[in-house]
Amino acid sequence: MKQSKTFIPTLREVPADADVKSHKQLLRAGFIRQNTSGVYSYLPLGRRVLAKIEQIVREEMEAVNSIELLMPALQAAELWQESGRWDAYGPELMRLQDRHNRDFALGATHEEVITSLVRDEIKSYKKLPLTLYQIQTKFRDEKRPRFGLLRGREFIMKDAYSFHATRESLDETYDDMYRAYSNIFTRLGLNFRAVIADAGSIGGKGTHEFMVLSEIGEDTIAYSDSSDYAANIEMAEVVVEYKASEEAMNELEKVSTPDQKSIEDVSSFLNVPANNCIKSLVFNVDGELVVVLARGDHEINDIKLKNALGATSVELAEEQEIKELIGASIGSIGPVKLPVGVKVVADNAVKSVRNGVAGANEDGFHFVNVNPERDFAVNDYLDIRFIQVGDPSPDGNGVIKFAEGIEVGHIFKLGTTYSAKMGATFLDDQGKAQPFIMGCYGIGVSRLLAAVAEQFQDDNGFVWPTQLTPYDIHLVPVNVKDEAQVGLADDLYSLLQSYRYDVLYDDRAERAGVKFADADLIGLPVRVTVGKKAAEGIVEVKFRHSGESFEWQKEELVDRLN
Ligand code: ATP
Ligand code: MG
Ligand code: MG
Ligand code: MG
């Protein structure tokens, strides 16, 4: 591409309104321009880097049988009403009306559209599993659009959705996606961690965020250097200690201990790894389900409970009751998440805590990956302490460190949250209608452009790695009035292109200082400068990454670059 023909409006001054270095640099080097708050144009160079990111995303999606489609950004309000999110989503959803005063939203996400599409077209388990994705513009009226492309109001997302007949099938696709995401961020050259995340309002069971470690990240993650443990701090281990009085403890010790169901029985229902689980049993106390959390060495049983609670009847809950209780609220990777309104008591504090929640006063039996307030009620009986730097890692390996992260990807097991609400069913192998079991998987494609811009730069400008660079080679004749220079540069332009290099050819009649400053800002991996030695067929080749430069004969250029 001849630089005189393209559009690269570089800036000499650092833009005053840009607050982080990726944003500054993308503006200065002429990759993007802001249109209005949180809304950007991707200029030719920015578009080219985006295309490379998209290509890597596409390759890794296709590798796990995720198939591309494109859905509408303009979405009828009726769909969002079916899922209940027309009201629930709040002011972040961009809403508008057509000329007949009918309500619409601009897609903030596409669960509703895809669920209705699949509902209408897929009728049998034989067509499952099915995973579809798109790369498309999303709209969210963020409260604080900032940091350039990192938090836009109009941005580009890759969003994939999977449909399954069984939980096992969802688990498989989730694991495939986890690997595909790891491949994508590795290929992009990013320093990232996959972290246990908060399912938030979207609901569901099991979710990871992919975080690029960066000081400007808006999330904090807790991780261990000696293991894979990493969690968003919102979900990191919460140590909950309950303040049982000695007296209450002694009372309980006196109560006899007849037969009881083992903790393992219940934790296997709950699908929670035993060591990650609060010791818990579910009892039906006078017709009300009560989750009892036990201390490690403390046995729980119905008689003890009956006495302690002063109840008339206490029975272990039926399997069916437990299933209903845990419903959509138990994470397969987390511990018991307690639905709002369920009473929880701790066995060694039953006298004092009837309606509260407690963890255990012993290592290994703490709540892990829960969100106080949302997953359980916080009250005066509880001492809550978030995990801290230097704490032992919950998996026992190493100590906890904190880091800031940029959320670049997020994968969710949705379960039947959307399909059940929207009546999206298929016929199973018994001919019975079942709601689709779903997963969803997002990547912030335009946010990634900012994340890579943040990482791949130095004081002079960008330092693009080969897999992301907008062009491979910057070809710069110093003086375009010099015939020898122009002749050699023209030859090299054709030659390098014939070897399939993408070449940016600075054919502009600008001063050398301007050309070099622009070339530094743009930051292509290789710069070939054609200067005073052009008549001898010698060019200067400079590698942006290492800073090394060489004088090479034009004949040896292609061989040496390879
Ligand atoms: P955040 O916590 O940063 O607001 P989110 O959790 O709301 O993000 P998701 O709904 O999980 O975002 O969307 C999937 C991906 O889309 C995110 O992981 C992120 O990379 C990207 N994304 C979300 N909001 C924005 C935004 N306002 N601008 C750019 N990218 C975004
Ligand atoms: Mg958000
Ligand atoms: Mg988030
Ligand atoms: Mg998210």
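Preceding this paragraph is the structure being described.
Residues numbered from 1 in each chain as written. Chains lettered and ligands numbered in written order. Predicted model: local features only at pLDDT ≥ 70, side-chain atom pairs only at ≥ 80, totals over all residues. Heavy atoms only, no water.

Caption draft 1: Representation of the overall build of the chain. Check the secondary structure of the chain and you find 15 helices and 29 strands. Among the 562 residues that make up the chain, the fraction classed as buried is 53%. Sequence separation of at least 24 residues holds for 70% of the intrachain contacts in the chain that already meet a minimum separation of 6. A total of about 25,000 Å² of accessible surface is found on the chain, and carbon and sulfur atoms cover 47% of it. (Helix = DSSP H or I, 4+ residues; strand = E, 2+ residues; numbered from the N terminus. Buried < 20%, exposed > 50% of the residue type's maximum accessible area, 1.4 Å probe, protein only. Contact = heavy atoms within 4.5 Å. Areas by Shrake-Rupley, 256 points an atom, 1.4 Å probe, with all protein chains shown as cover.)

Caption draft 2: Molecular detail of the environment of Asn35. Among the structural elements, Asn35 can be located in strand β1 (residues 32-36). Asn35 sits in the exposed class, given a relative accessible area of 57%. Not counting residues within four places of it along the chain, the set of residues in contact with Asn35 comprises Tyr40 and Ser41.

Caption draft 3: Main features of the nonpolar core. If you look at the biggest cluster of nonpolar residues, it comprises 60 residues, and the most contacted ones within it are Phe31, Ile53, Met61, Tyr181, Phe185 and Leu188. Non-local contacts of Tyr181, meaning those with residues more than four positions away in its chain, are made with Met61, Lys158, Phe210, Gly409, His410, Ile411, Tyr441, Gly442 and Ile443. Among the nonpolar cores identified, the runner-up in size contains 26 residues, and Met71, Ile114, Phe163 and Tyr418 belong to it. (Core = buried A, V, L, I, M, F, W, Y, C linked by side-chain atoms within 4.5 Å.)

Caption draft 4: Up close: the packing of helix α2 (residues 44-63) against helix α12 (residues 445-455). For the pair α2 and α12, the least separation of the axes is 10 Å and the interaxial angle reads 110°. Regarding the angle of α2 to α12, the classification is roughly perpendicular. Both α2 and α12 take part in a crossing whose hand is right-handed. Residue-level inspection shows Gly46, Val49, Leu50, Ile53 and Glu54 of α2 in contact with α12, the latter providing Val445, Ser446, Leu448, Leu449 and Val452. Split by residue class, the contact of α2 with α12 holds 7 nonpolar, 2 polar and 1 charged. (Axes fitted to C-alpha atoms, helices over the stretch in contact; angles between N-to-C directions. Parallel < 35°, antiparallel > 145°, perpendicular 65-115°, else oblique. Left-handed = near helix turned anticlockwise from the far one by under 90°. Nonpolar A, V, L, I, M, F, W, Y, C, P; charged D, E, K, R; others polar.)

Caption draft 5: Here's a closer look at the site of ligand 1. Neighbouring residues of ligand 1: 14 residues in total, closest Glu142, Arg151, Gly152, Glu407 and Arg447. Arg140 has a polar side-chain atom sitting 3.0 Å from an oxygen atom of ligand 1. Within the side chain of Arg151, one N or O atom sits 2.8 Å away from an oxygen atom of ligand 1. Starting from 580 Å² of accessible surface for ligand 1 in isolation, the protein chains cover 83%. Only β8 (154-164) and β19 (400-415) provide two or more residues apiece to the shell around ligand 1. Take the shell around ligand 1: its biggest share by element is 4 residues, from β19. Per-class residue counts for the shell around ligand 1 are 5 nonpolar, 4 polar and 5 charged. (Near = heavy atom within 4 Å. Polar contact = N/O pair within 3.5 Å; in protein donor to acceptor, adjacent residues only side chain to side chain.)

Caption draft 6: Molecular detail of the sheet that holds strand β26 (residues 503-505). Pairing is mixed in the open sheet, where 5 strands are placed in the order β26-β25-β27-β28-β29. Only two strands of the sheet have a single neighbouring strand rather than two, namely β26 and β29 (549-553). Looking at each pair of strands side by side, their axes are set apart by 25° on average, direction ignored. Pairing geometry for strand β27 (residues 526-530) and strand β28 (residues 538-543), over 4 bridges, is antiparallel. Counterpart to Thr529 in the pairing with β28 is Glu540. On top of the sheet, helix α14 (residues 512-522) reaches β25 (473-477), β26 and β27; it is set at about 175° to β25, its chief contact. Packing of helix α15 (residues 554-561) onto the sheet brings it into contact with β25, β27, β28 and β29, and relative to β29 it is tilted by some 125°. (Pairing = 2+ DSSP bridges.)

Structural measurements only, silent on function.
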